[in-house]
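Examination of the molecular architecture
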Amino acid sequence: MRVLERLVLAVEKPLKEAVWDCRMCGQCILHSTGLSCPMRCPKNLRNGPCGGVRANGNCEVFPDTRCVWVEAWEGSRRLPVFKDHIQHLQKPMDWQLQGTSSWINLVNGRDQVTPRGWESGGHR
Ligand code: SF4
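All of the points below concern the structure found in this document. Note that the structure is a prediction, hence the values are computed from the model and not measured. (Residues numbered from 1 in each chain as written. Predicted model: local features only at pLDDT ≥ 70, side-chain atom pairs only at ≥ 80, totals over all residues. Heavy atoms only, no water.)

For the rest of this paragraph, the subject is unusual backbone geometry. We note that Asp-21 has phi near 55°; this positive angle belongs to a residue other than glycine. With respect to the helices and strands, Asp-21 occurs in the loop between helix H1 (3-20) and helix H2 (68-78). For Asp-21, a relative accessible area of 36% corresponds to the partly exposed category. Not every positive phi belongs to a glycine, and Asn-44 is a case in point at roughly 55°. With respect to the secondary-structure elements, Asn-44 resides in the loop between H1 and H2. Classification of Asn-44 by relative accessible area gives partly exposed; the value is 29%. (Helix = DSSP H or I, 4+ residues; strand = E, 2+ residues; numbered from the N terminus. Buried < 20%, exposed > 50% of the residue type's maximum accessible area, 1.4 Å probe, protein only.)

Set out below in structure tokens:
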């Protein structure tokens, strides 16, 4: 790992873990999820909730925990900007970026690269 990446990670990882319970996916979409980290969802869903959200807004898998996506919707309503970004369709996770710096991936555009095989029109 390069020195610059190590330095950035030394700041990003503890900061985002403390504030957002970040799981270091390397392709941050907090601005599209009302600042609720979608990787805390036990199913790692990045395009909205599954069908198992309980009537009280809690998670199907962890009944005592609020659904990440209920929090995302509520959080998105409170944001002064990016309110409509929750409607953006997110591409599949690129798990090769797990553990890398999302800040660096944002700057160099790596987080915008669609994983191989998922390009539009790729269905056969
Ligand atoms: S979306 Fe990824 S980078 Fe952003 S807070 Fe969640 S795990 Fe961390």
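Attention now goes to the site of the ligand. Taken together, the residues surrounding the ligand are Lys-16, Cys-22, Arg-23, Met-24, Cys-25, Cys-28, Ile-29, Leu-30, Cys-37, Pro-38 and Met-39. Placement of the ligand is best described as lying within the largest cavity. (Near = heavy atom within 4 Å. 1 Å grid on protein atoms, 1.4 Å probe; cavity = no way out; pocket = protein on both sides within 12 Å on 5 of 7 lines; lining within 4 Å. Sits in = over half its atoms within 2 Å of the grid points.)

According to the stated counting rule, one finds 1 cavity of 30 Å³ or more in the structure shown. Considered as a void within the structure, the largest cavity measures approximately 100 Å³ in volume. Forming the walls of the largest cavity are 17 residues, and the residues nearest its centre are Lys-16, Cys-22, Cys-25, Cys-28 and Cys-37. The dominant element in the lining of the largest cavity, judged by the number of residues it contributes, is H1, at 3 residues. (Points joined across faces, edges and corners; volume = space filled by probe spheres on them.)

Within the secondary structure, Asp-111 sits in the segment after helix H3 (102-107). Of the residues examined, Asp-111 reaches a relative accessible area of 6% and is grouped as buried. A C-alpha to C-alpha distance of 18 Å links Asp-111 and Ser-36, two positions 75 residues apart in sequence. What Asp-111 contacts, discounting residues up to four positions off in sequence, is Gly-26, Gln-27, Lys-91, Leu-97, Asn-105 and Leu-106. (Contact = heavy atoms within 4.5 Å.)

Okay, a nonpolar patch on the surface next. Residues Val-11, Leu-15, Val-19 and Trp-103 make up a contiguous nonpolar surface patch of about 350 Å² in total accessible area. With 3 residues, the single largest contributor to the nonpolar patch is H1. Relative to the helices and strands, Leu-15 is located in helix H1. Under the relative-accessibility criterion, Leu-15 is labelled partly exposed at 41%. (Patch = residues over 30% accessible without salt bridge, like charges linked within 9 Å, V, L, I, M, F, W, Y side chains within 5 Å. Areas by Shrake-Rupley, 256 points an atom, 1.4 Å probe, with all protein chains shown as cover. Salt bridge = Lys/Arg side-chain N within 4 Å of Asp/Glu carboxyl O.)

That is the geometry; function is a separate question.
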